[in-house]
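Coordinate inspection notes
The primary structure of each chain is shown beneath.
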Amino acid sequence: MRNRRYRTESPASGSWIRGLSQFFVTISSKMSKLPAYVDFIVVGAGVAGLRAAIALAETGKVLVLAKQELTESNTQYAQGGIAVALSDEDEISLHLQDTIQAGDGIVSADAAHILVEEGPERIQELIAWGTEFDREGTRLTFTREAAHSRDRILHAHGDSTGREIGRALYAKAATLKNISFSAFEFTASLHMTAGRICGVDLISAEGRMQTVNSSAVLLATGGAGHVYSNTTNPAVATADGIAMAFHAGAEISDMEFVQFHPTALYVKDAPRFLLSEALRGEGAVLRNAELHRFMPKYNDAAEMAPRDVVARAIAHELEVCRLKDPVVYLDMTHLKADHIRARFPRIYETCLQYNVDIAIDLVPIRPAAHYLMGGIKTDMQGRSSLPGLYAAGEAACTGVHGANRLASNSLLEGLVFGARAGHAMRDELRHVSPAKDGEAKTEPAAGSQASDPEHFIQGVQRLMWDKVGIVRSRQSLMEAIEFLQKASLELPAPSSRRSCEGRNIHTAAQLIARSAMARLESRGAHYRTDYPEHDDAKFRKHSIVGEKGVRFV
Ligand SMILES: Cc1cc2nc3c(=O)[nH]c(=O)nc-3n(C[C@H](O)[C@H](O)[C@H](O)COP(=O)(O)OP(=O)(O)OC[C@H]3O[C@@H](n4cnc5c(N)ncnc54)[C@H](O)[C@@H]3O)c2cc1C
């Protein structure tokens, strides 16, 4: 269908794309015209959607949808690796302990047990399907990232872990005749019949609209990085699934917990390219504008402190610096240049394109929005609060990350809970009679034709960065909520894909701001200057945000 469109995302990935051209010919040949009905719809072709589709293909026809190229997803950008207790020195109980500790008091124990206990099997399966994790000789090599008590991060091609996992999952899916793919199909809304989600409305790249019905829909639409003006996420991360689920009436949980990655490249006209935590794991240190190493004064773990601690420390150093457009620096100049180049080839080459040689230069960085711990509330089988609607991966909230995700747990989450959601949908197919028709469940279609979606989106993104970012307060959150309420009157009419994204970003921004306002404490990635401590008595709970307000359960 659109074989030519496998545009690459990062400047460093051209050779990878060329190397896989044969593979994409296979995938493209599996793309077909859209049917009016299919047993299962999976929205999203990242790690969660692909793993679910593989499980579903045993039982029925599966349609996997992506709004851009199949390769454009957060999964493709994941560098550092995937956490799993598989090394001889590690134990599942230690992975569990680290996950629970990082989540700062509100990790769902059930979800965390499932993640760490089923993780090794999912990884063995990935290896059996051809994933090439890095090895020394025949032994898998594990590295360490912040807040892990053991070396347990598997990586692939140095720093291209997500890309390699995505490649292997696609390759496996391509062998299953029940799976078909449709790239460049934007899911604009969900369909509901008799209280059950039974399909989706799509807008193609050419603006063609079509409805596809199914027995159930899985939203594996990824994250919400583009709610913020600075983000490590690719452009597809506009919270579409979360916004659609919210407007259909699904429960949305823990939206105040947005993880800001401390170290994104900060160079004029360059994207906020992520500089993996694994760099600090290998010994990189942070220096302020005066070139002083500052992390030891903020935390005993220094550069290896949890992400929220490092991000806030950097935000503070930037605030107290008197320079006009300050940065802090990541310093690897004391490490062996050959090792840096070999261990982080993708990061090395990408930075070089912006005239930064990470082996010999101080690398200018700032934090950026990176990962959403909250999302569509699901049970341990990926079921949302709406019959027929499932969610997995970054769009979902099982509670496994609590208030702060442990580094490299999210690819694993996509695999483990993607597979589980696939199994649950499969089991349910047996006793669901497929609906052929439905009613669109989306937000009211009103909106201003005059409103320029790009201008609208940038306004919301800037506001969110300034007022609902790394450090929040009642004052900043009130200003944000008022702005977003007024902006509701200027929503772009849902006449194009970009307008729909603008509306989704606005919805997610409201959910984040309202949840952050309601949580009168600081916990994990959510930090308020007016409530800097935990309040366990009232808030050692998950938030659920609805039309009428926020409750804690
Ligand atoms: C730069 C970066 C580095 C990272 N590094 C790591 C790491 O080292 N280890 C780790 O564990 N995690 C890492 N993460 C996080 C991790 O990559 C993601 O959380 C995970 O890949 C999410 O997978 P997913 O399947 O849920 O969503 P994604 O991989 O983001 O896939 C989303 C899919 O949904 C589709 N989609 C979205 N909206 C629509 C719509 N309206 N219609 C149709 N399709 C739609 C997209 O086209 C895409 O196919 C990183 C993230 C980033 C951005």
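Residues numbered from 1 in each chain as written. Predicted model: local features only at pLDDT ≥ 70, side-chain atom pairs only at ≥ 80, totals over all residues. Heavy atoms only, no water.

Some remarks on the layout of surface pockets
Quantified by volume, the second largest pocket comes out at close to 330 Å³. At the level of secondary structure, the elements contributing two or more residues to the lining of the second largest pocket comprise α11 (307-320), β17 (363-372) and α15 (453-467). The element contributing the most residues to the lining of the second largest pocket is α11, with 3 residues. Of the residues in the lining of the second largest pocket, the class split is 7 nonpolar, 2 polar and 3 charged. (1 Å grid on protein atoms, 1.4 Å probe; cavity = no way out; pocket = protein on both sides within 12 Å on 5 of 7 lines; lining within 4 Å. Points joined across faces, edges and corners; volume = space filled by probe spheres on them. Helix = DSSP H or I, 4+ residues; strand = E, 2+ residues; numbered from the N terminus. Nonpolar A, V, L, I, M, F, W, Y, C, P; charged D, E, K, R; others polar.)

Here we look at the sheet that holds strand β1 (residues 40-43)
Strand order in this open sheet of 5 strands is β8-β2-β1-β12-β19, and the pairing throughout is parallel. Each having just a single partner strand, β8 (179-182) and β19 (389-391) make up the two edges of the open sheet. With strand direction ignored, the average angle separating the axes of adjacent strands in the sheet is 20°. (Pairing = 2+ DSSP bridges. Axes fitted to C-alpha atoms, helices over the stretch in contact; angles between N-to-C directions.)

Here's the deal with the side chain of Ser-73
Relative to the elements of secondary structure, Ser-73 occurs in the loop between β2 (62-65) and α4 (74-77). Among all residues touching Ser-73, those that are not within four sequence positions of it are Gly-46, Pro-234 and Val-236. (Contact = heavy atoms within 4.5 Å.)

Section: the packing of aromatic side chains
Tallied over the full model, the rule gives 6 aromatic pairs. Considering the side-chain rings of Tyr-228 and Phe-260, the 5.3 Å spacing of their centres and the 85° angle between planes classify their relative orientation as edge-to-face. In this pair, Tyr-228 sits in the loop between β12 (216-219) and α8 (240-248) while Phe-260 sits in strand β14 (residues 258-265), placing the two residues 32 residues apart along the sequence. As far as the burial class goes, Tyr-228 and Phe-260 line up, both buried. Relative to Phe-552, the ring of Phe-539 has its centre 4.9 Å away and its plane inclined at 75°; by these criteria the two rings are edge-to-face. In this pair, Phe-539 is assigned in helix α18 (residues 536-539) and Phe-552 in strand β23 (residues 549-552), connecting sequence segments 13 residues apart. Look at Phe-539 and you get buried, because its relative accessible area is 6%. Each residue in the set Tyr-228, Phe-260 and Trp-465 is aromatic and connected to the rest through ring pairs, giving one cluster. The residue whose ring lies beneath Arg-366 is Tyr-266, and the NZ or CZ to ring-centre distance is 4.2 Å. In this structure, Arg-405 packs its charged tip against the face of Tyr-371, placed 4.3 Å from the ring centre. (Phe/Tyr/Trp six-rings, centres within 6.5 Å; stacked < 30°, edge-to-face > 60°. Buried < 20%, exposed > 50% of the residue type's maximum accessible area, 1.4 Å probe, protein only. Lys NZ or Arg CZ within 6 Å of the ring centre and 35° of its normal.)

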